[in-house]
Amino acid sequence: MTSSDETAATPSNADSGRASAELHGRAPDLGPFRSELIARFPAKDELLRQAVESRRKTRAKRVTAVLLVCAAAAGTVYLNPVYRSETLTTQATAPRTWQLADGTRLSLDADSAITVQWRIRSRELALTRGAAAFDVGQSPRPFTVTAHDVTIHDIGTLFGVRTGDTRDSATRVSVEHGEVRVASGDQSATLQRNQGVVVLNGNVGPVSSVDGASEIAWKDGRLQFDGTPLSVAVAQIQRYYPQRIVLKDPGVAQLRLSGQYDIADVESLLRALPSILPVAVSRQNDGAYVIASRR
C-alpha cells in the first residue's frame, strides 16, 4: 500500500476523538464546531434578549397604531366635517313638512328653500328664501339655522324664521315655545315663548310680543290674522295665489282683518272680503284681484 493510501485511511484527530468518546460513553468534544454552533443556535441569554426586543417593537407598533387612530378621530371631531347634505324646496303656492333624521319636524312655506347639513358635532341649516318652522328634535348636537347674516341657535324650541332672497332682506324670527338666541354680527337677542324680533342689515331690533302660533300657522295650512292691516294680510295671501292681488287705494290698506282661513282656498277668502270689510273686490280676466274701497 502506498503512502498516499495510508494517509487517506488514517482517521483525523477529531474523528479519533469522537470515536474514542463514543467508545467510552462520554459526550463528544464539540470544541472545533463551537463558533458555528453559537452562530446557528444563540445562547439562552441572547434568545431572551431577542424575545424582549421583539415584544417591545410589537408593543410600540400597537401603541403607534392606536395613537394614529385616536389622532385621526380627534381631528375628525375637531374639524366637524359634513357627512350628509340635502336641499329642500317647496312649490310656489304650497307649504310642506318633512320629518328629519334626528326627529326634527321641518316645515317650509310656499316658494321657500333650505339646505340641511349633518355634521359630526352639529346640525346646521341655511334658509336661503321664504319661511321655515322648526320643531326641534332632542340631540346632544347643537341645532343652528342661518338666514343670510342672521344666526339662530336653538335651545329646545318650536320657532319660525322668515327671510327674503337677498342679504339686505329683513329676517323675522318668532318663538311659539322654548328659547332661541338670535345673532347678527356683534348683536344678539334671546327670545322666549311668544316673542319675536326683526333683523335688518345686521341690526337686531327690539324683542316684541307676538302670537307665536299665528306666526307659523301656515305650516298647518292656515292663515291666521288678528287685527292685521289688510296690506300685511294681502302680502301673506299673495304667497299662495299665483296672480296679482292689488290694493287700489291707501285707505283700504289700513283696514284690519281677523280670522283663520284655508291656504288651499285663498280665492274664497278674497271673494268673501266684501262681507267682512267695507271693500269691493273684482276679478280680472287674467285672474288678478283688485280690492278697492266700497262706494
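One can find the structure itself at the top, above this paragraph.
In this text, all values refer to a predicted model and were calculated from it rather than measured experimentally.

Draft legend 1. Unusual backbone geometry, seen in detail. Positioned with a positive phi, His-148 is a non-glycine residue whose angle comes to about 60°. Structurally, His-148 is set in the loop between strand 6 (143-147) and strand 7 (150-154). On the basis of relative accessible area, His-148 is assigned to the partly exposed category, the value being 23%. Non-glycine residue Asn-201 carries a positive phi angle of around 50°. Turning to its location among the elements, Asn-201 is positioned in the loop between strand 12 (195-200) and strand 13 (203-204).

Draft legend 2. Fine view of the packing of aromatic side chains. Applying the stated criterion to the full structure yields four aromatic pairs. Measuring from centroid to centroid gives 6.1 Å for Phe-225 and Tyr-261, while their planes differ by 40°, and the two rings are tilted. Note that Phe-225 is positioned in strand 15 (residues 222-229) and Tyr-261 in strand 17 (residues 256-262), a separation of 36 residues in sequence. Aromatic pair Tyr-241 and Tyr-289: ring centres 5.7 Å apart, planes at 65°, arrangement edge-to-face. Of this pair, Tyr-241 sits in the loop between helix 6 (230-238) and strand 16 (245-247) while Tyr-289 sits in strand 19 (residues 289-293), and the two are 48 residues apart along the sequence.

Rules of the game
- Residues numbered from 1 in each chain as written.
- Predicted model: local features only at pLDDT ≥ 70, side-chain atom pairs only at ≥ 80, totals over all residues.
- Heavy atoms only, no water.
- Helix = DSSP H or I, 4+ residues; strand = E, 2+ residues; numbered from the N terminus.
- Buried < 20%, exposed > 50% of the residue type's maximum accessible area, 1.4 Å probe, protein only.
- Phe/Tyr/Trp six-rings, centres within 6.5 Å; stacked < 30°, edge-to-face > 60°.

Remember, this is a structural readout, not a statement about activity or role.
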